[in-house]
Amino acid sequence: MTIAEFEHKYYLHDSSIDKIEYDAANKTLRLEIDFCFWMQLWYNKDEPTNGTIAVTFDNVSHYEYENYDPGKLFSDYTPEILKTKIDENETLKIYTFEFVRYEPGEDLYPVMKIKADSVTVEEISRYNY
């Protein structure tokens, strides 16, 4: 699917990014996301509410995650997705909130920017929250 189709189908608010794997040589970006299935328009109420998905962006022409220290990501910060948006250049913007546990008042609001030709989503697991 295209980035626009992905952004339209998957509502990422309140989900969080567990892992980022960027391979510049192969132009791929993989995000593991602790995902809120229950917030999706297509959610089936008979299935578990939350789970993990892998989102893979192929032929990435632009990737950045501004205003964050990659050494602290996932150790001191908890990145939660606030919202997503497609800009005029067809770049996906993922607005995140990182609660800095040990430094009150130092919370971060970095924006991830991704431009890619296609996106695939793989369901890894489901659980009830």
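Rules used throughout
- Residues numbered from 1 in each chain as written.
- Predicted model: local features only at pLDDT ≥ 70, side-chain atom pairs only at ≥ 80, totals over all residues.
- Heavy atoms only, no water.
- Helix = DSSP H or I, 4+ residues; strand = E, 2+ residues; numbered from the N terminus.
- Buried < 20%, exposed > 50% of the residue type's maximum accessible area, 1.4 Å probe, protein only.
- Contact = heavy atoms within 4.5 Å.
- Core = buried A, V, L, I, M, F, W, Y, C linked by side-chain atoms within 4.5 Å.
- Phe/Tyr/Trp six-rings, centres within 6.5 Å; stacked < 30°, edge-to-face > 60°.
- Lys, Arg positive; Asp, Glu negative; His and termini not counted.
- Salt bridge = Lys/Arg side-chain N within 4 Å of Asp/Glu carboxyl O.
- Polar contact = N/O pair within 3.5 Å; in protein donor to acceptor, adjacent residues only side chain to side chain.
- Pairing = 2+ DSSP bridges.

S.K.: Just checking my understanding: could you explain the overall build of the chain for this structure?
M.R.: The helix and strand inventory of the chain stands at one helix and eight strands. Counting from the amino terminus, the chain carries its helices and strands in the arrangement α-β-β-β-β-β-β-β-β. Here the chain holds 129 residues, and 37% of them are scored as buried. For the chain, the share of sequence-separated contacts (at least 6 apart) that also reach a separation of at least 24 residues comes to 59%.

S.K.: Can you help me understand the nonpolar core in this one?
M.R.: Inside soluble globular proteins, nonpolar side chains tend to come together where they are buried. Formed by 24 residues in total, the largest nonpolar core has its most connected members in F6, L31, F57, M112 and I114. Of all elements in the fold, only α1 (3-9), β2 (28-36), β3 (50-58), β4 (62-65), β6 (92-100) and β7 (111-115) reach the threshold of two or more residues within this core. Residues contacting I114, with those up to four places away along its chain left out, are I3, L29, L31, F57, H62, Y63, T91, L92 and I94.

S.K.: Would you mind showing me how to read the packing of aromatic side chains here?
M.R.: Within a pair of aromatic rings, the relevant descriptors are the distance that separates the centres and the angle that separates the planes. This model, assessed by the stated rule, comprises eight aromatic pairs. Each ring, one from F35 and one from F37, has its centre 4.9 Å from the other, and the planes form 85°; the classification is edge-to-face. Consider the rings of F37 and W42, whose centres lie 6.2 Å apart with planes at 85°: the pair is edge-to-face. Overall, the relative accessible area of 2% leaves F37 in the buried class. Classification of W42 by relative accessible area gives partly exposed; the value is 35%. Cluster of aromatic residues (ring-pair linked, three or more members): F6, Y10, F35, F37, W42 and F57.

S.K.: Help me understand the side chain of D87, please; the structure alone is not making it clear to me.
M.R.: Locating D87 in the fold gives a position in the loop between β5 (77-86) and β6. Although D87 is buried, it forms no salt bridge, and the closest oppositely charged side chain is K93 at an N-O distance of 4.1 Å. In this structure the side chain of D87 is engaged in a polar contact, spanning 2.8 Å, whose partner is the backbone nitrogen of N89.

S.K.: Got a minute to help me understand the pairing of β2 in this structure?
M.R.: Side chains on a regular strand alternate between the two faces of the sheet. Judged from the seven bridges that link them, strand β1 (residues 16-23) and β2 form a sheet pairing that is antiparallel. Residue pairing in the sheet places I17 in a bridge with I33 of β2. Counting the residues that bridge the hairpin from β1 to β2 gives four residues, and of these K27 lies at a positive phi of roughly 55°.

S.K.: How should the pattern of salt bridges be read in this particular structure?
M.R.: Opposite charge on two side chains permits them to pair, given that their charged atoms come into close proximity. Under the criterion given, the structure shown has six salt bridges. Here E21 ties to K19 by a salt bridge, and the two come within 3.1 Å at their closest N and O atoms. By relative accessible area, K19 is classed as partly exposed at 37%. Note that E47 and R126 form a salt bridge whose closest N and O atoms lie 2.8 Å from each other. Of this pair, E47 sits in the loop between β2 and β3 while R126 is found in strand β8 (residues 118-127), placing the two residues 79 residues apart along the sequence. What makes E47 partly exposed here is its relative accessible area of 34%. The class of R126 is partly exposed, set by a relative accessible area of 23%. Taken together, the shared-partner salt bridges in this structure form one network comprising K19, E21, R30 and E32.

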